[in-house]
Amino acid sequence: MLPLKFTWNPISGLDLGFLTIHFYSLMFVIAFSLGFYLMKKVYKNEDIPLEKLDKLFIYAVVSILIGARLGHVIFYQTELLWEDPFSVLLPFTFKPEFQFTGFRGLASHGAVIVGMYGMYRYSKKVLGKSVLWTLDRVVIPVSLGAMFVRIGNFFNSEMIGKVTDSPIGIKFVQDAISERHATTITNIKNPRKAYQALTEDSQFAEKIADIPYRYPGQLMEAAGYAVVFLIIFYLYWKTKASEKTGLLFGTFLLLLMGVRLIVENFKEVQVNERADWALNTGQLLSIPFILIGTYLVYTALTRKTV
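So, a few notes on the structure that sits alongside this text. Since this is a predicted model, take the numbers as computed values, not measurements.

1. Some details on the packing of aromatic side chains
A complete count under the given rule lists 16 aromatic pairs for this structure. With a centroid separation of 6.2 Å and 75° between ring planes, the pair formed by Phe6 and Trp8 is classed as edge-to-face. Between Trp8 and Phe155, the ring centres sit 5.8 Å apart and the planes meet at 55°, which makes this aromatic pair tilted. Highlighted residues: Trp8 in strand β1 (residues 6-8) and Phe155 in helix α5 (residues 131-155), separated in sequence by 147 residues. When the ring centre of Tyr213 is taken as reference, the NZ or CZ atom of Lys171 above it lies at 5.0 Å.

Now the structure itself:
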């Protein structure tokens, strides 16, 4: 196995002077941009008027982002509903102090649930086709987008893995040392420069040495989603899978949630989860989707064509 072991302490984004483009946000822009491009190819292939693609983009972006945010709050951080309710749908925290945070708490299961509803509304009001027809095609860019979101998590040092001695372990500096702690121990007020000093100044070498290596859970999941994308992409363009309603969407649910179910074994417990459960929240939420996917694949393959 190719050893990865290294220390991960990235800058948060591209500093343009008047504006900082955060890598996490940039991954979302790339994901939706590529998604639009891929669906344009699909609509041309299906002879669907391209003017209907603009509304698909709006329905998809709004439903996925709202679902992802609500999913995180409901499944992982419910206390926000009464402790800081305005932060649920706004990119700010208001307690204990006002701060711009961006939408850093997003959950894929919520994105899938509300995204499905968004595609139902779009299919009914705009496209005039069944929701499964739409979902069978939308999952092509969605699986690719999921990969970029996990890469964004990697840049944010979020969703880190468990401690490991394996060759793929990575030291996540910005997870192990908070911004406040970084500025305190370096005596540098700017968090970005403080983090930079931690890994570049030899006087802090002992601090970095104490940080354990962890599985890169985000990259493991991203790699799995890349494989899911390639499979769905191949099935749509090189086979007649799209003619069997529900087959591509069912395959997507099976594979994507299957990846999540496996990779969760290597990830640390997330917000407000119990570490002593046999399965964590992400795994428990994945099981119903895997069952739905199994049902859709089975019915698609066994349905008699007239």
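2. Digging into a nonpolar patch on the surface
On the surface, a nonpolar cluster with roughly 590 Å² of combined accessible area is contributed by Phe57, Ile58, Val62, Ile66, Leu70, Ile74 and Leu89. What makes Val62 partly exposed here is its relative accessible area of 44%.

3. Digging into helix α8 (residues 191-200)
Inspection of α8 places Ala194, Tyr195, Ala197 and Leu198 among the buried residues, and these make up the whole buried set. Within α8, the buried residues cover an arc of 160° as seen down the axis, which keeps them to one side. Opposite the buried face of α8, at more than 90 degrees from it, the exposed residues are Lys193 and Glu200. Those residues of α8 that are buried lie in contact with α6 (173-176), α7 (179-186) and α9 (205-209).

4. Here we look at the environment of Tyr295
Tracing the sequence through the fold places Tyr295 in helix α12 (residues 281-302). Taking the C-alpha atoms as reference, Tyr295 lies 9.8 Å from Leu254; in sequence the two are 41 residues apart.

5. Structural notes on the pattern of salt bridges
Counted by the stated rule, this structure contains 7 salt bridges. Across the pair Glu268 and Arg214 runs a salt bridge, and its minimum N-O distance is 2.8 Å. Of this pair, Glu268 sits in the loop between α11 (247-263) and α12 while Arg214 sits in the loop between α9 and α10 (217-238); the two residues are 54 residues apart in sequence, bridging distant segments of the chain. Given a relative accessible area of 15%, Arg214 falls into the buried group. For Lys267, the salt bridge goes to Glu221, with nearest N and O atoms at 2.9 Å. In this pair, Lys267 sits in the loop between α11 and α12 while Glu221 sits in helix α10, placing the two residues 46 residues apart along the sequence.

Quick notes on the rules
Residues numbered from 1 in each chain as written. Predicted model: local features only at pLDDT ≥ 70, side-chain atom pairs only at ≥ 80, totals over all residues. Heavy atoms only, no water. Phe/Tyr/Trp six-rings, centres within 6.5 Å; stacked < 30°, edge-to-face > 60°. Helix = DSSP H or I, 4+ residues; strand = E, 2+ residues; numbered from the N terminus. Lys NZ or Arg CZ within 6 Å of the ring centre and 35° of its normal. Patch = residues over 30% accessible without salt bridge, like charges linked within 9 Å, V, L, I, M, F, W, Y side chains within 5 Å. Areas by Shrake-Rupley, 256 points an atom, 1.4 Å probe, with all protein chains shown as cover. Salt bridge = Lys/Arg side-chain N within 4 Å of Asp/Glu carboxyl O. Buried < 20%, exposed > 50% of the residue type's maximum accessible area, 1.4 Å probe, protein only. Arc of directions from axis to C-beta. Contact = heavy atoms within 4.5 Å.

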